[in-house]
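Here is what each chain is made of, one letter per residue.
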Amino acid sequence: KRDHGETNLTDGLLLCRHHHLLLHNNHWEIRRENSVYWLIPPPDIDPAQVPRLMPSKSAALRDLQRERQRDPQLERLQRPSQNHEHDHRQQQELRHQHEQDQATAVS
């Protein structure tokens, strides 16, 4: 309602009631950049409202983040970008290169 947009399940994020109210009542925002979620603090906490990587309890996501830490090229996938189309192409190229590197390492 606030952003005058549609409710879209692909943009949904599952939060427990406590954390939903905590974010809402303290005026934090959540933004999604591809498959990465960012917390945007309210101006009274951070006047620049610098996005912070949203923590997750997902074991699969933790594994992916560890892999990104080992491979500096994949680190760039965690940063938000203003140019989504360019970012998407760059992510595809990085993933393809990473898959080739992994295949080479196995063989």
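Remember, predicted model here, so these are calculated numbers, not experimental data. Every chain begins its residue count from 1, and numbering advances along the sequence as written. Selection of residues for local features in this predicted model requires a pLDDT of at least 70, selection of side-chain atom pairs for listing and counting requires 80 or more, and totals for whole chains, interfaces and linings are taken over all residues. Side-chain measures were taken over the full set of non-hydrogen atoms in the model, leaving aside hydrogen atoms and water.

## Comments concerning the overall build of the chain
Selection criterion: For helices the rule is a DSSP run of H or I covering at least 4 residues; for strands it is a run of E covering at least 2, with both sets numbered from the N terminus onward. Whether a residue is buried, partly exposed or exposed follows from its accessible area with a 1.4 Å probe, protein chains only, as a fraction of its type maximum: under 20%, in between, or over 50%, in that order. By the convention used here, residues are in contact when the closest approach between their heavy atoms is within 4.5 Å.
Along its length, the chain carries four helices and three strands. Listed N to C, the secondary structure of the chain is α-β-β-β-α-α-α in terms of helices and strands. Going through the 107 residues of the chain one by one, you find that 20% of them count as buried. Taking all contacts inside the chain whose residues are at least 6 apart in sequence as the whole, residues at least 24 apart take part in 30%.

## Concerning the sheet that holds strand 2 (residues 36-40)
Note the cut-off: Two strands pair if DSSP finds at least two bridges between them.
With respect to topology, three strands assemble into an open sheet ordered 1-2-3, the strand pairing being antiparallel. Each end of this open sheet is capped by a strand with a single partner; those strands are strand 1 (29-33) and strand 3 (52-53). Note that strand 1 and strand 2 share five bridges and pair antiparallel. Note on strand 2: the bridge partner recorded for Arg-32 is Tyr-37.

## Overview of unusual backbone geometry
Even without glycine at this site, His-27 takes up a positive phi of about 65°. With respect to the helices, strands and loops of the structure, His-27 is situated in the loop between helix 1 (17-25) and strand 1. Given a relative accessible area of 59%, His-27 falls into the exposed group. Here the phi dihedral of Gln-49 falls at roughly 50°; this positive angle occurs in a residue that is not glycine. Looking at the secondary structure, you find Gln-49 in the loop between strand 2 and strand 3. The class of Gln-49 is partly exposed, set by a relative accessible area of 31%.

## Looking at the pairing of strand 2
Of all five residues making up strand 2, four are buried, and the element is well covered by its neighbours. Where strand 1 folds back on strand 2, the antiparallel hairpin that results is connected by two residues, among which Asn-34 adopts a positive phi of roughly 60°. Bridge count for strand 2 against strand 3 is two bridges, and the pairing is antiparallel. From the neighbouring strand, Leu-39 faces strand 3, where its bridge partner is Arg-52.

## Remarks on the side chain of Asp-46
Put simply, the rule reads: Charge counting follows a simple rule: Lys and Arg are positive, Asp and Glu are negative, and His as well as the terminal groups are ignored. When a carboxyl oxygen of Asp or Glu lies within 4 Å of a side-chain nitrogen of Lys or Arg, that pair is called a salt bridge. Whenever two N or O atoms come within 3.5 Å, that pair is a polar contact, provided that in protein one can donate a hydrogen and the other can accept it, and provided that, for residues adjacent in sequence, both atoms are side-chain atoms.
Among the structural elements, Asp-46 can be located in the loop between strand 2 and strand 3. For the buried Asp-46, which has no salt bridge, the nearest side chain bearing the opposite charge is Arg-52, at an N-O separation of 4.4 Å. Within the local environment of Asp-46, its side chain forms a polar contact with the backbone nitrogen of Val-50, the two atoms lying 3.0 Å apart. Setting aside anything within four residues of it in sequence, one finds Asp-46 in contact with Pro-41 and Arg-52.

## Details of the confidence of the model for the chain
Keep this limit in mind: Known as pLDDT, the predictor's confidence for each residue is given on a scale from 0 to 100.
In this model, the chain carries a mean pLDDT of 75, and residues with pLDDT of at least 70 account for 64%. Within the chain, no element has a lower average pLDDT than helix 3 (residues 72-75), which sits at 59, and none a higher one than helix 1, at 91.

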